[in-house]
Structures are given as C-alpha cells and as structure tokens.
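Here are the chains, one letter per residue:
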Amino acid sequence: MAEKFVTETVDENELIKVRREKMNAFIEKGVAPFGHRYEVTHHAADIRKEFCNIEGEEDAGEVKIAGRLMAIRGHGKASFATIADRTGNMQIYFKLDVLGEEKYSQFKLLDIGDIIGVEGKVFKTKRGELTVRVENFDLLSKSLRPLPEKFHGLKDLETRYRQRYLDLIVNPDVRETFLKRAEIIKSIRKYLDDRDFVEVETPILSTIAGGAAARPFVTHHNTLDTDLYLRIATELNLKRLIVGGFERVYEIGRIFRNEGMDTRHNPEFTSVEIYQAYGDYRDLIDVTEGIICAAAEKVCGGTKIICEGVELELKNPPRISMNDAVKNKTGKDFLSCKTVEEARQMADEIGVAYEKRFGIGGILNAAFEAKVEEDLVQPIFITGHPTEISPLAKRNPEDPRITDRFEYFVLGRELANGFTELNDPIDQKLRFEEQLKAREEGDEEAHVMDTDFIRALEYGLPPTGGLGIGVDRLVMLLTDSPSIRDVLLFPTMKVIAE
C-alpha cells in the first residue's frame, strides 16, 4: 500500500486549512488537540531490545510509547503507521476491530506530524517486523503544518539552519550529529575531570575585551551607564584563578566575536580553555592530543577517522616549528633575517603579501598562512610562533623573537592553540603597550591594556601552560561535517523579512 505523504503540488495553505478542520473535529468529539502528560513505559529502542526474540504473530508484552507520526499506510479497516521517538522508529498497527468505531474514526483524523501516545501489545508481522498493535491512543499535539515530502526531504540549507526543529524531525542523521556533539563535550569533561582539573564559570560581560585578537560585540548596561563587551575569550579570568591558587582549571563556554561568517566561523561559538600551573606548552600539547583522541574513541570508535574523504590518524601527530615549516615549503629562513627589509625581500620573492607595520615575526606568520597552512592535511603541531603575534605567550629562552606556543592543525585548519603563559608582569605590560601601538596603526583586533590583569601578575602567576580548543571545529572533524553551521543547533543567520 502506498504511504500517505504531503506532496509539493498541494498548496500549503490548503493543507493547513484541512489540518485545522481536523483539529476542530477532534474538539467536537471531546478530544483536546493539545494534550497533557503521557506516561511512557518504552521507547522504540527498548521494544527492539526487549522483544527481539518473540516469534510469530502472538502478542507479547504491553507497552506505552509516544512520538511523532512519520508515515501512515492503508485507509481501510486496518492501517500500519510509523511513530518516531528519540531512539528511532517503531511500526504501529491500527485495526477497527481492536479500537472500535469511535476510536478508529479519531485515527482517521490523524496526520503525519501529529504527536500521539500509543498503548498496546507487541507482536511480529509475517515479515518479521516488530509492531505495536494499538489498543488505545491519545492525541498529544496536533501538527497544524505539513512536514516536507518524504522522498525529497528538507534539503535547502537556509531552511534547515533557520528551522532546525524541522531539520531534526525529518533528517535523523542531523539529530545523530548533535547527539555526538553532546558525547564529545562529555568526553572533554571526563578527560579533564579525571586529571583533577576544576570546571569553572567566568563572566560573559566585561568592561574590557581581552584574551584574544578579535573584535568584540558591544552592549550597554543601563544601571551602570557603561558599555560592556561580550567576551572574546575566557583566558585572562582563568589565569587570574591560577594566580588565586586554582592549579588546574577549565571552562567550556560560549565565545562572541564580531567578525565575518563562513564555513568555519560563526559570531558565537564554543571553546574549552584549560590552564595547568607548573606546566608549559609541552604538557598542554599532550593534553590536546589526549582530549582529541579520547573524543574520537568515544564517537568514532578509534583514533583513525575519515573526514572529507581523507583518512586521518589522530594519534602521535608530529611537531615542527613555524619557521621550519615555512623553510621546508619555500626555502626561505625568515628567522635568519637581521632586518625587516631583508624579511620583506624574502616575502616578495615568494609572492607573500604583508602589511607595512609587520615586523620579521609578522611576515613569517604571513608566509606560513599563505604557503603552508592549507597543506597541513594530517594532524600536526606547529610550534615557535613569533612574539609579535603572541602577546600573551612566554618568550622562548633561546630565541626571544619566538614564543613557546603551539597550534594544532588538521585538514588545513587550526583546531587548538596553546602556549606557556607569560607570567612576567613587566614583559606583559610592554606587550600590551606594543598592542596599543598596533591599534593606533589600524589593527582593530590588537589587544587592549588590562591593568587589573597586570596587577594580578604582579602578585605572582606560577609557571603555567594554557590551551584553547574550538569545540565546534572538533565536532566538525569527528562528524565529518563540512560547515560549522552543521554542528551548531542555531547558527547565526542573516535577518530576512517574514
């Protein structure tokens, strides 16, 4: 028998009108179209597990299951249907002889998309499919809008992102992605909690936007009559806690940056930042690998995964300095330069664009981004970032032009960033002053002065390693999702007129 689905040839307004008429018909029968509490005894997965061994068409146990009608087949005295709950689909069977005239007439008023509660006995059809024979049902919520037609589904990305609730209803794989996201976040927490890190919460609103190079969102507090910024990082407050005696802290939280949007960037996103006293960047490299491998094992079953058609091994990624990576690719050793003019000449020779304000370190970073970054397909740790672009990282003791910093790259994208924290308040103040000069020269993302953070460092920050991981990008990697919007339940969208 053919399944009854909404077709694209019927005007949606007409379908809505018909559904409202059915709603009124329920009311006339004394049935509330938007019901109340329903006591569920089983989900679809429970039924499949508990009754998998029953044979023939003999009735097994009594169950009560609730969910959304996703298909109805047959229009005579007996009909099969499919109900979906959070664990999957279950076939149900409506029969006039079992339900009686009145209840079966109510069944005839049901539409795909309606949410119902079903009570009945489990049996196996001749084809061996577990099915609930409906002895009674309750209408829990009448769906007044038709779902997308089954065989075409909900394909339009704009609609999927704007109406995520509909996307989750009709695309089970989308729901699976977000269940995996939840498992990944739980895995991160478990990995850190098992190693004595303490989860904390820091303010989203602040009088200073610090801890990263980014443009903030600005809002206004009426009572205080002052502008406040949505945080662009959790870094500085977490390091204040290290000063205060928390030796290992982390925060999984929302970050807000007033920047462009593309497949890897959303104005609000989730990161985890981690700080470990008495450690350095090498310890946090190990933590980074541990977190990523633990999450992969949880949702992918191992550390060897496939993303974008590429097989990736997440375990034991190599480590190489930024300067060596550039030298290997271009033959240019920027850290051998004695002057900025020499570095500019090298950049010109390999066609790397740079800004006039860039020093040797800034030009090295520009060469890395232009010539190396996108080719870093297999997981790799890039170390030795220039001091010029790392205002919060500790200088390398052997070469003060670079810092003890790393970034984790995979598929040409940065996934994590960490370093040995700068705990010298005098050096930190000088770095902030250099950043202020950069702002004056037009760098809107340069760091601002944070005098209270300097004050905190003056009380003493122990040697500390810090790390930030983009949770959304990690989910993209482990679920093979091409866009950050695919792993955000409600991504930021351009406002359109209704």
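Refer to the structure above for everything that follows.
This structure is a prediction, so every number in the text was calculated from the model and none was measured.

Within the largest apolar cluster, 42 residues are counted, with the highest numbers of intra-cluster contacts made by Leu192, Ile274, Leu477 and Leu478. For this core, the element with the highest residue contribution is helix 9 (residues 281-300), accounting for ten residues. Excluding residues that lie within four positions of it along the chain, Leu477 makes contacts with Ile305, Cys307, Leu312, Leu314, Val410, Leu411 and Leu415. Within the second largest apolar cluster, 34 residues are counted, among which are Ile47, Phe51, Ile54 and Tyr104.

The full count for this structure, using the stated rule, is one cavity of 30 Å³ or more. Arg264, Cys307, Val410, Leu411, Arg413, Glu414, Leu415, Arg473, Met476 and Leu477 are the residues that line the largest cavity. Taken together, the residues of the lining of the largest cavity break down into six nonpolar, no polar and four charged.

This next bit is on the sheet that holds strand 7 (residues 205-206). Spatial strand order, 7-9-8: three strands in an open sheet with antiparallel pairing. This sheet does not close on itself; its edge strands, each paired only once, are strand 7 and strand 8 (218-221). One ladder, built from two bridges, connects strand 7 with strand 9 (residues 226-230); its direction is antiparallel. In the strand pairing of strand 9, Leu205 is matched with Leu230.

This part covers the side chain of Glu407. Structurally, Glu407 can be placed in strand 16 (residues 405-410). A residue is classified by how much of its surface remains accessible, and Glu407, at 9% relative accessible area, is buried. At 2.7 Å, the side chain of Glu407 and the side chain of His385 are in polar contact. The contacts of Glu407, once residues within four sequence positions are left out, are Ile380, Phe381, Ile382, His385, Glu414, Ala416 and Asn417.

Before going further, it helps to spend a moment on the sheet that holds strand 16. In spatial order, the strands read 6-10-11-18-17-16-15-14; together these eight strands make up an open sheet with mixed pairing. Of all strands in the sheet, those with a lone pairing partner are strand 6 (198-199) and strand 14 (319-321), marking the two edges. Where strand 14 and strand 15 (residues 380-383) come together, three bridges link them in parallel fashion. The residue of strand 15 that forms the bridge with Arg319 is Phe381.

Moving on to unusual backbone geometry. Most peptide bonds take the trans configuration, and most residues that are not glycine carry a negative phi. Positive phi, normally seen in glycine, also occurs at Asp196, with a value near 70 degrees. In this structure, Asp196 sits in the loop between helix 7 (172-193) and strand 6. What makes Asp196 exposed here is its relative accessible area of 63%. Within the chain, Glu308 stands out as a residue other than glycine whose phi angle is a positive 55 degrees. Among the secondary structure elements, Glu308 is positioned in the loop between strand 12 (304-307) and strand 13 (310-313).

Before going further, it helps to examine helix 13 (residues 425-440). The terminal C-alpha atoms of helix 13, which comprises 16 residues, lie 23 Å apart, in line with the 22 Å expected from a rise of 1.5 Å per residue. Among the residues of helix 13, those classed as buried are Pro425, Asp427, Gln428, Arg431, Phe432, Gln435 and Ala438. Mapping the buried residues of helix 13 onto a view down its axis gives an arc of 155 degrees, with all of them on the same face. Opposite the packed face of helix 13, turned more than 90 degrees from it, sit the exposed residues Ile426, Lys437 and Glu440. Gly442 sits one or two positions beyond helix 13 and adopts a positive phi of about 110 degrees.

Of the strand pairs in this sheet, strand 8 and strand 9 are connected by four bridges, and their pairing is antiparallel. Among the inter-strand pairings, His220 is bridged to a residue of strand 9, identified as Asp227.

A few words now on the environment of His220. For His220, the position within the fold is in strand 8. A relative accessible area of 37% means that His220 is categorised as partly exposed. Distance from His220 to Gly56, taken between C-alpha atoms, is 68 Å for residues 164 residues apart in sequence. Setting aside anything within four residues of it in sequence, one finds His220 in contact with Asp225, Thr226 and Asp227. Polar side-chain contacts of His220 include one of 3.5 Å to the backbone oxygen of Thr226.

Criteria and thresholds
- Residues numbered from 1 in each chain as written.
- Predicted model: local features only at pLDDT ≥ 70, side-chain atom pairs only at ≥ 80, totals over all residues.
- Heavy atoms only, no water.
- Core = buried A, V, L, I, M, F, W, Y, C linked by side-chain atoms within 4.5 Å.
- Buried < 20%, exposed > 50% of the residue type's maximum accessible area, 1.4 Å probe, protein only.
- Helix = DSSP H or I, 4+ residues; strand = E, 2+ residues; numbered from the N terminus.
- Contact = heavy atoms within 4.5 Å.
- 1 Å grid on protein atoms, 1.4 Å probe; cavity = no way out; pocket = protein on both sides within 12 Å on 5 of 7 lines; lining within 4 Å.
- Points joined across faces, edges and corners; volume = space filled by probe spheres on them.
- Nonpolar A, V, L, I, M, F, W, Y, C, P; charged D, E, K, R; others polar.
- Pairing = 2+ DSSP bridges.
- Polar contact = N/O pair within 3.5 Å; in protein donor to acceptor, adjacent residues only side chain to side chain.
- Expected span 1.5 Å × (residues − 1).
- Arc of directions from axis to C-beta.

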